[in-house]
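# Close look at the chain arrangement
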Amino acid sequence: MPKGLMQDRPLLISSLIEHAACFHPHAEIVSRTTEGPIHRCTYADIHRRAKQLANALEVRGVGPGDRIATLAWNGYRHMELYYGVSGMGAVLHTINPRLFPEQIEYIVNHAEDQFLFFDLSFVPLVERLAKALPTVRGFVVMTDREHLPECSIPRLLCYEELLDAQTSDYLWPQFDETTASSLCYTSGTTGNPKGVLYSHRSSVLHSWAACATDGLAIGAGETALLVVPMFHVNAWGMPYAGAMCGARLVMPGPALDGKSVYQLMRDEKVTLALGVPTVWLMLLQYVDAERLTPKEDLCLRRVVIGGSSAPRAMSERFETTFGAFVVHAWGMTEMSPLGTVCNLLPKHGGYTLEQRLGIQEKQGRAVYGVEMKIVDDDGASLPHDGMASGHLLVRGPWITCGYYRDEGTSALDAAGFFDTGDVATIDADGYMQITDRSKDVIKSGGEWISSIALENAAIGHPAVAEAAVIGAPHPKWQERPLLIVVRKPGQALDRESMLQFLAGKVTHWWLPDDVAFVDELPHTATGKLHKLRLRELFRDYRLPHSR
Ligand code: AMP
């Protein structure tokens with residue numbers, strides 16, 4: 001076959017920041033720092049300092065493929081590491097600080113990280129772990145000399161001193177685009193975390209999908225608040241996509257409570273915010289408690305919700321109280337993470353809000369680059385009729401083919417598809433809707449009940465702060481749904497009124513057999529409901545008519 005006559009330029013992460021520094025040099029990166037104040041810089045500053053960082057790592061013997069870890073919130077220094085480390089050909093390993101310390105120890109040792117960069121908040125954690133991390137040659141605290149902590153961490157280095165000692169004279173090396181760029185471990189609820197190793201090519205292609213109109217539709221006119229952490233799937237790829245299109249980025253640092261997020265949205269005139277439902281719950285509760293008027297105070301136009309299902313009631317609240325459109329999205333660490341985005345089609349133009357919310361509840365259509373199908377237990381494809389639900393399989397250039405240091409064992413089936421572990425339907429317009437994790441579906445008399453659909457319906461009750469549904473053993477039906485509810489502060493709600501509220505909103509045989517009330521629900525390190533832990537907590541629970 002004859003080759004095309006096009007230039008063969010590798011898709012490298014360094015090219016993103018070079019582009020931003022050249023064509024969007026004044027676009028701002030605004031960060032709430034761990035030290036306290038708001039910090040402002042530009043893509044040009046990030047580029048310059050990322051080069052200083054690359055020089056600092058090079059003089060310390062860091063070379064291609066070496067792993068450099070971070071334990072850090074969203075902020076400009078973390079962004080410099082994104083570009084400095086990957087740009088020089090090393091691998092940026094972002095660690096989720098909410099994992100158990102033993103898991104962090106495991107993954108640093110598994111990745112054999114050479115340097116660990118960390119925010120001031122994590123000094124006690126690093127003090128506790130340092131001795132158990134033999135591969136780490138230096139612990140770099142991401143601050144200046146003035147804020148250097150008194151601590152017992154060995155081989156301690158100061159970030160600003162590292163940079164000050166270097167010039168920004170550095171040429172980004174050119175290499176094969178399939179080279180590893182960054183590493184993120186999934187926080188699986190069972191077993192050891194597994195490493196997903198992204199490449200330069202996968203990260204750049206993913207950024208294009210994020211910027212596209214039917215992707216997340218971001219551009220230079222956007223001010224995007226990254227509530228989603230940079231330690232969770234590269235903040236959904238936003239630090240890369242932002243540089244690609246010159247979007248203004250706002251980084252909240254460690255302050256993710258409702259008040260701090262609201263203030264940032266207001267003061268920085270945020271137009272787009274991205275995060276998981278648990279942080280939006282905190283924001284909505286704050287707005288209610290303070291009787292705020294977001295429509296008047298804020299410029300928010302869109303909220304991207306992913307990581308867990310965006311309940312209908314949440315999309316409605318953002319629409320009516322904030323005047324903001326919820327863009328529901330789905331993906332996973334293994335997918336960089338973007339898989340589907342719920343944008344509307346022309347035919348939805350005349351829809352009422354009620355009808356539109358019915359679309360927004362779905363996780364959306366596949367972005368180009370993601371092939372997607374649903375299959376039954378035998379692997380046979382199921383129809384896209386919005387009814388048949390099956391295992392969701394995906395294939396594409398930013399989807400993993402195997403886990404780090406697990407080489408040889410492919411994560412894919414014979415046709416190259418990756419099983420997401422999710423169960424979903426796909427309708428005739430291509431909208432995918434997650435009904436459950438395959439581990440969490442409730443099997444009642446041979447039929448499946450969607451715990452997500454029940455949770456989303458329950459959260460619509462004005463007295464419900466959060467809801468989870470698990471399968472409880474049943475002598476006749478094998479399993480039946482048990483609804484576990486956290487009431488909003490000061491609200492009264494009992495079993496009967498909860499069940500009455502659900503009646504008519506879900507198929508009658510899906511109605512939970514019982515409702516339990518708790519003070520709080522357990523969450524995973526990425527803010528999802530911890531269903532495994534819930535099932536353990538309710539192991540001895542017996543449903544009323546099975547007692
Ligand atoms: P993680 O790798 O931690 O990002 O988790 C990925 C998993 O989160 C997916 O496989 C889904 O089970 C779940 N998930 C992500 N986005 C959504 C969503 N919009 N709705 C429901 N579940 C989601």
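Now for a quick tour of the structure.

Each value, and the rule that gives it
Residues numbered from 1 in each chain as written. Predicted model: local features only at pLDDT ≥ 70, side-chain atom pairs only at ≥ 80, totals over all residues. Heavy atoms only, no water. Helix = DSSP H or I, 4+ residues; strand = E, 2+ residues; numbered from the N terminus. Buried < 20%, exposed > 50% of the residue type's maximum accessible area, 1.4 Å probe, protein only. Contact = heavy atoms within 4.5 Å. Areas by Shrake-Rupley, 256 points an atom, 1.4 Å probe, with all protein chains shown as cover. Phe/Tyr/Trp six-rings, centres within 6.5 Å; stacked < 30°, edge-to-face > 60°. Lys NZ or Arg CZ within 6 Å of the ring centre and 35° of its normal. Salt bridge = Lys/Arg side-chain N within 4 Å of Asp/Glu carboxyl O. Expected span 1.5 Å × (residues − 1). Pairing = 2+ DSSP bridges. Axes fitted to C-alpha atoms, helices over the stretch in contact; angles between N-to-C directions. Near = heavy atom within 4 Å. Polar contact = N/O pair within 3.5 Å; in protein donor to acceptor, adjacent residues only side chain to side chain. Nonpolar A, V, L, I, M, F, W, Y, C, P; charged D, E, K, R; others polar. Parallel < 35°, antiparallel > 145°, perpendicular 65-115°, else oblique. Left-handed = near helix turned anticlockwise from the far one by under 90°.

A separate point is the overall build of the chain. What the chain contains, in helices and strands, is 17 helices and 25 strands. In terms of overall dimensions, the chain has a C-alpha envelope of 70 × 65 × 50 Å along the principal axes. The proportion of buried residues among the 547 residues of the chain is 58%. At a minimum sequence separation of 6, the contacts of the chain that also span at least 24 residues come to 67%. About 22,600 Å² of surface is accessible on the chain, with carbon and sulfur atoms providing 52% of the total.

Counted according to the given criterion, the structure contains 11 aromatic pairs. On the basis of an interplanar angle of 45° and a centroid distance of 5.5 Å, the ring pair of Y82 and Y240 is categorised as tilted. Here Y82 is found in helix α3 (residues 76-87), whereas its partner Y240 is found in helix α9 (residues 238-245), with 158 residues between them in sequence. Its relative accessible area of 2% is what places Y240 among the buried residues. Judged by centre distance (6.1 Å) and plane angle (80°), the rings of F117 and Y159 are edge-to-face. Separated by 42 residues along the polypeptide, F117 in strand β5 (residues 115-118) and Y159 in helix α6 (residues 159-164) bring together distant segments of the chain. We classify Y159 as buried; its relative accessible area is 0%. Clustering of aromatic rings is evident, with ring pairs tying together W73, F122 and F231. The positively charged end of K194 is found above the aromatic ring belonging to Y403, 4.6 Å away from the centroid.

For the structure shown, the criterion picks out 30 salt bridges. R145 is the partner of E161 in a salt bridge, and the nearest nitrogen-oxygen pair spans 2.2 Å. Residue E161 is located in helix α6, and its partner R145 is located in the loop between β6 (138-141) and β7 (156-158); the two are separated by 16 residues in the primary sequence. When its relative accessible area of 33% is taken as the criterion, E161 is described as partly exposed. E371 is the salt-bridge partner of R395, the closest N and O atoms lying 2.7 Å from each other. Of this pair, R395 sits in strand β18 (residues 390-395) while E371 sits in strand β17 (residues 371-375), and the two are 24 residues apart along the sequence. Residue R395 is classed as partly exposed on the basis of its relative accessible area of 28%. Given the relative accessible area of 38%, E371 is considered partly exposed. Each of the salt bridges in this network shares a partner with another, and the network as a whole consists of E35, R49, R77, E80 and E160.

Moving on, we get to helix α7 (residues 200-211). The first and last C-alpha atoms of α7 sit 17 Å apart over 12 residues, in line with the 16 Å expected at 1.5 Å per residue. Of all the 12 residues making up α7, 10 are buried; the element is thus mostly covered by neighbouring parts of the structure. Residues H200, S202, S203, V204, L205, H206, S207, A209, A210 and C211 constitute the buried set of α7.

This next bit is on the sheet that holds strand β4 (residues 91-94). Ordered by their spatial adjacency, seven strands build an open sheet running β7-β6-β5-β3-β4-β8-β9, and the pairing between neighbours is mixed. The open sheet has two edge strands with one neighbour each: β7 and β9 (194-199). Across the sheet, the axes of successive neighbouring strands diverge by a mean angle of 25°, strand direction being ignored. Alignment of strand β8 (residues 180-186) against β9, held across six bridges, turns out to be antiparallel. In the strand pairing of β9, Y185 is matched with G195. On the sheet, helix α4 (residues 101-111) packs against β3 (67-71), β4 and β8 and is oriented at approximately 150° with respect to β8. Helix-sheet contacts for α7 involve β8 and β9, and the interaxial angle to β9 is about 75°.

In this section: the sheet that holds strand β13 (residues 302-305). Here we have nine strands laid out as an open sheet, ordered β2-β1-β11-β10-β12-β13-β14-β15-β16, and mixed in their pairing. The two strands at the open ends of the sheet, each matched to only one other strand, are β2 (38-42) and β16 (365-366). Both strand β1 (residues 28-32) and β2 contribute to a ladder of five bridges, which runs antiparallel. Across the sheet, the residue bridging to S31 is H39, located in β2.

As a further point, take the site of the ligand. Around the ligand, the surrounding shell holds 15 residues, and the nearest of these are A329, T333, Q363, D422 and R437. H328 has a polar side-chain atom sitting 3.1 Å from a nitrogen atom of the ligand. T333 has a polar side-chain atom sitting 2.6 Å from an oxygen atom of the ligand. Here the ligand, which alone exposes 500 Å², has 91% of that area covered by the protein. The element best represented in the shell around the ligand is strand β14 (residues 325-331), accounting for four residues. Taken together, the residues of the shell around the ligand sort by class into three nonpolar, nine polar and three charged.

With that settled, consider the packing of helix α11 (residues 277-289) against helix α13 (residues 312-322). Contact geometry for α11 and α13: axes closest at 11 Å, N-to-C directions at 40°. The pairing of α11 with α13 is recorded here as oblique in orientation. For the pair α11 and α13, the crossing hand works out as left-handed. Seen from α11, the contacting residues are P277, W280, L281, L283, L284, V287 and D288; seen from α13, they are M314, R317, F318, T321 and F322. Residues of the contact of α11 with α13, tallied by class, amount to nine nonpolar, one polar and two charged.

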